[in-house]
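Tertiary structure, described
The residues making up each chain are set out below.
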Amino acid sequence: MLYLTRRQGEAVIINNEITVRVVELRGRTVKLGFTFPTGASVLREELFAQIRAANEAASRSAAVLDGWGAAESTTEERGDTP
């Protein structure tokens, strides 16, 4: 992880496309401003974690269903009755 010190009004440029600027400092709170390409996805960390967990759960469910469907079609292909 990269740690930088910036003062109010100062910025960091990432990949010549993304600007992160310190807009305001108030006590222990820092307000940041972002400039980025229109196609970029920007999410708060907690929202990103929720989406990732939901996607992983859906992926596991799909894998279980795929396995169930494969077993069913194999039984049908052999002519066995379930």
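In the block above lies the structure referred to throughout.
Residues numbered from 1 in each chain as written. Predicted model: local features only at pLDDT ≥ 70, side-chain atom pairs only at ≥ 80, totals over all residues. Heavy atoms only, no water.

**Topic: the pattern of salt bridges**
- All told, the structure shown has four salt bridges when counted by the stated rule.
- Among the ionic pairs, R26 bridges to E24, the shortest N-O distance being 2.5 Å.
- Taken together, the shared-partner salt bridges in this structure form one network comprising E24, R26 and K31. (Salt bridge = Lys/Arg side-chain N within 4 Å of Asp/Glu carboxyl O.)

**Observations regarding unusual backbone geometry**
- Positive phi outside glycine occurs at N15, with the angle close to 55°.
- Looking at the secondary structure, you find N15 in the loop between β1 (11–14) and β2 (18–26).
- Among the residues examined, N15 registers a relative accessible area of 63% and is labelled exposed.
- Although it is not a glycine, N16 adopts a positive phi angle of roughly 55°. (Helix = DSSP H or I, 4+ residues; strand = E, 2+ residues; numbered from the N terminus. Buried < 20%, exposed > 50% of the residue type's maximum accessible area, 1.4 Å probe, protein only.)

**A short note on the pairing of β1**
- In the sheet, β1 pairs with β2 via four bridges, with the strands oriented antiparallel. Residue pairing in the sheet places V12 in a bridge with V20 of β2.
- Where β1 folds back onto β2 in an antiparallel hairpin, the turn is made up of three residues, including N15, whose phi is positive at roughly 55°. (Pairing = 2+ DSSP bridges.)

**A look at the pairing of β2**
- Inspection of the sheet shows β2 paired to strand β3 (residues 29–35) by seven bridges, in the antiparallel sense. From the neighbouring strand, E24 faces β3, where its bridge partner is K31.
- Turn length for the β2-β3 hairpin, with the two strands adjacent in sequence and antiparallel, is two residues, and the turn residue G27 shows positive phi of about 65°.

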